[in-house]
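# Structural description and commentary
Spelled out, the chains give:
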Number of protein chains: 2
Amino acid sequence: MNPPLRIAIAGLGTVGVGTVKLLQRNADLVAARAGRKLVVAAVSAREERRERGIDLAGARWFADAAAMARDPEIDVVAELIGGSDGIAREVVAGAIAAGKHVVSANKALLAHHGTELARTAEARGVALLFEAAVAGGIPILKALREGLAANNVTRIYGILNGTCNYILTAMRETGRDFADVLAEAQQLGYAEADPSFDIDGIDAAHKLALLAAVAFGNVVDFAGVHVEGIRHVSALDIEFAAELGYRIKLLGLARLTPHGLEQRVHACMVPRSTPIAHVDGVFNAVVVEGDFVGRVMLEGRGAGAQPTASAVVADLIDIAKGRWSQGFTLPATALARRPSAPMARHIGAYYVRLMVVDRPGVIADIAAALRDEQVSMEQMIQRGRAPGEAVPVVLTTHETEEAAMRRAIAHIDKLDSVLEPARVIRVESL
Amino acid sequence: MNPPLRIAIAGLGTVGVGTVKLLQRNADLVAARAGRKLVVAAVSAREERRERGIDLAGARWFADAAAMARDPEIDVVAELIGGSDGIAREVVAGAIAAGKHVVSANKALLAHHGTELARTAEARGVALLFEAAVAGGIPILKALREGLAANNVTRIYGILNGTCNYILTAMRETGRDFADVLAEAQQLGYAEADPSFDIDGIDAAHKLALLAAVAFGNVVDFAGVHVEGIRHVSALDIEFAAELGYRIKLLGLARLTPHGLEQRVHACMVPRSTPIAHVDGVFNAVVVEGDFVGRVMLEGRGAGAQPTASAVVADLIDIAKGRWSQGFTLPATALARRPSAPMARHIGAYYVRLMVVDRPGVIADIAAALRDEQVSMEQMIQRGRAPGEAVPVVLTTHETEEAAMRRAIAHIDKLDSVLEPARVIRVESL
């Protein structure tokens, strides 16, 4: 058997501890599949003497993760610290400079500095793999890079944030409103005390930027992602979605358009007949549309110690077997630098919910505003009658350019009989 | 750039033509991802001069596929002929003996001779890859071998035959009976003139034997698969399934039990709340349960020229990049030879439909037969009343050993008031 692969674990939070547990518990299986042993040779974390339920007797302790990353007795560094800059970046850059392979679960770091880090890794001839950074245990990056490598990807989209999917699922199942379900999710540990990274779509946008780079052979363009979260989704919208045959999901979507690479993260109306509409709770899913393979969906747990460790160790096994290839499919120097397609040029259908005074002529005014922008209405629902009082009116449109839609909404929002700003949710044809 | 990879295509049926088309249409993309060109250097098929809509001007023609497989100007042979023996086997064995890599889409060949062929390929130091043999375009073998390699697989199951899934979906959606829907599927080209390979479960069993071998590191044991088809599934059963909260799917399932490797293909009652219950029409799906990753599902097109070509070329790219590894995850010589678990020892729940004479005491007799075998009933449905006439009675059981269930059914079938043999469908907890 080949000599063991000596691994340094930087960061002993949930994922770091999960990775050590996997490497210990499944040591024989991993060694058989890798053709050599994978040993945890060194670890580094903020506090040394915390009880973590793992045996670290065989590993050297480093107070300084950056020093560990340069240590000559190490073959691979697993960066499981997190954060787009600071010590995580220092560890990864330092390890690459010292000629070590790197495995990282850090989506923020890679979304911001992925292209540059990949370029340095290739120049040094070392691996930079990050399966765990996107959709947890789902082996989607390997599928894009290798299993589906024969395809031109025409579109990629997915449910990339388990917290949002949990909240939207619970809202649908219980009829409760966003703030209420968020508070519960925080109590249950499914949402952070400061939840904005998740519910404002930033975490999903990090992952989408990585997916798009791998799928389309583009540089990682996090700044080009249009990001909206789910704070504005109300129980009423979820109810109307059901009535119209949709479910509301936070999706990340990317495709090439005549205006450049379109990357967007926002709440979507998804037809209930599509497979992704049935991906509920904390599960994630990614759909790849390829010119030969058609539609392929991968679904699984997108977070958590154990699924993430599964992805980290898969990358380590690839390195142990020497079968790794470029993290972004193509050499970093060969990645395209496409412009990012402006959202104003986005073509799609829309759901619009208005609160209006129930009196004659209101619908005519709204219809006129849409007509003036050449926006074609698909259907309109006004439930119940309450003359002179506020009632919801919901409409959906046929495909139109987003700029036209925005102008029509600006006009509608100024109508006297419209009582609050319109709630707009994009309708996706999947 | 490295020298081109010279490919010989053996067989120009649907898949062979699809593969040539992909290699031509996506030539630049494939070359960029493989780091070298992939060229179709030679082809062989039964008839030379048939119009196939592809340009074969650059390829040498071989009347004898076995001679082509030994040709010194060839690096890889793609065996796209089909059939468990005969010329397909000769081509694959000959190519390996001549030191060529082999890619095959031939599930029958691999289900019968996979272990032996893998052993000879490893001895010769060449690749034997067969992603296209299981679930068409879905990159499930790569996921098992690599993306999920850190996991002990606890169970694997899937919808592995698109023809059966199309028929069962159409039966559910239209309420029509099996024979009727099969005839329509044959007209539409979704089922063969001789459909038995598909509808009797043999095709799914070939694929399951390959999945189980890769997932559990076992020799391929097609003879150990318990196989039933879908001919006995009636419109009435599908109706009762809906009433009980289930859908009926033909699944292939494999897991390790105390009695050995359990592999079975049969119609199943699947809870409607599970993701696989929503995989409809010609789509396939495979669910992998791993000790760290949890449940991962991959869904996509399981057949057809284009999806299958996607899988064939993915394997060719892996060979071009030199990143292939053993087809069955472990070296063929290291594969386990577990006994196959007898179905009589299977533990599961059951759905039973009986046609009985509607008269007092019938249910008591049935209940007594179950009790005598320690089979515990979960629920019982008798719809409508028609004293003295035939009515259906449906019951489901709690988990029990299949041997006990069979004894109880044998007893029930002999009761005077039971008019036809019981229809039994296993209920899966997924």
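In this text the structure is predicted, and so the values were computed from the model without any measurement.

### Points about the relation of the copies chain A and chain B
Of the transformation superimposing chain A on chain B, the axial component is 0.0 Å and the angular component is 180°, with the fit at an RMSD of 0.0 Å. Taken together, the rotation angle and the small translation identify this as a two-fold axis. Both copies present the same face, since 100% of the interface residues in chain A are matched by interface residues at the equivalent positions in chain B.

### Comments concerning the pairing of strand 15 (residues 390-397) of chain A
Across 7 bridges, strand 13 (residues 347-357) of chain A lies against strand 15 of chain A in antiparallel orientation. Bridge pairing links A:Tyr351 to A:Thr396 in strand 15 of chain A.

### A look at the domain arrangement of chain A
All names here are of chain A. For chain A, the assigned domains are domain 1 (5-133), domain 2 (140-301) and domain 3 (345-427). A separation of 28 Å is found between the C-alpha centroids of domain 1 and domain 2. The interface is formed by 9 residues belonging to domain 1 together with 10 residues belonging to domain 2. Of the residues assigned to the side of domain 1 that touches domain 2, the class counts are 4 nonpolar, 3 polar and 2 charged.

### Re the packing of helix 2 (residues 27-34) of chain B against helix 12 (residues 305-321) of chain B
How two helices sit against one another is set out by the angle between their axes and by the gap between those axes. Residue and element names in this part refer to chain B. As a packed pair, helix 2 and helix 12 sit with axes 9 Å apart at the nearest point and diverge in direction by 40°. As judged from the angle between their axes, helix 2 and helix 12 are oblique. The two elements helix 2 and helix 12 cross, and the hand of that crossing is right-handed. Packed against helix 2, whose contacting residues are Val30, Arg33 and Ala34, the element helix 12 presents Val313, Ile317, Ala320 and Lys321 at the interface. For the contact of helix 2 with helix 12, the residue count by class is 5 nonpolar, no polar and 2 charged.

### Side note on the sheet that holds strand 6 (residues 128-129) of chain A
All names here are of chain A. Spatially, the 6 strands line up as an open sheet ordered 3-2-1-4-5-6, and their pairing is parallel. Looking at the sheet topology across the chains shown, the edges are occupied by strand 3 (60-62) and strand 6. Relative to strand 3, strand 2 (residues 38-44) runs parallel, the two sharing 3 bridges. Bridge pairing links Val43 to Trp61 in strand 3. Contacts from helix 4 (residues 86-97) reach strand 1 (5-10), strand 4 (76-79), strand 5 (101-104) and strand 6, with the element oriented near 165° to strand 4.

### Here's the deal with the sheet that holds strand 2 (residues 38-44) of chain B
Taken in spatial order, the 6 strands of this open sheet run 3-2-1-4-5-6 (chain B), and their pairing is parallel. Each edge of the open sheet is held by one strand with a lone partner, namely strand 3 (60-62) and strand 6 (128-129) of chain B.

### Comments concerning the interface of chain A and chain B
Across the boundary between the two partners, chain A contributes 44 residues, which contact 44 residues of chain B. For the side of chain A that touches chain B, the secondary structure elements donating two or more residues are helix 2 (27-34), helix 6 (140-147), strand 12 (294-301) and helix 12 (305-321) of chain A. When residues in the side of chain A that touches chain B are grouped by element, the largest group, 9 residues, is from helix 12 of chain A. Taken together, the residues of the side of chain A that touches chain B sort by class into 22 nonpolar, 13 polar and 9 charged. Examined bridge by bridge, strand 12 of chain A and strand 12 (residues 294-301) of chain B share 3 bridges and lie antiparallel to one another.

Rules and cut-offs
Residues numbered from 1 in each chain as written. Chains lettered and ligands numbered in written order. Predicted model: local features only at pLDDT ≥ 70, side-chain atom pairs only at ≥ 80, totals over all residues. Least-squares fit on C-alpha atoms with pLDDT ≥ 70 in both. Contact = placed C-beta atoms within 7 Å. Pairing = 2+ DSSP bridges. Helix = DSSP H or I, 4+ residues; strand = E, 2+ residues; numbered from the N terminus. Domains from an automatic or database assignment. Nonpolar A, V, L, I, M, F, W, Y, C, P; charged D, E, K, R; others polar. Axes fitted to C-alpha atoms, helices over the stretch in contact; angles between N-to-C directions. Parallel < 35°, antiparallel > 145°, perpendicular 65-115°, else oblique. Left-handed = near helix turned anticlockwise from the far one by under 90°.

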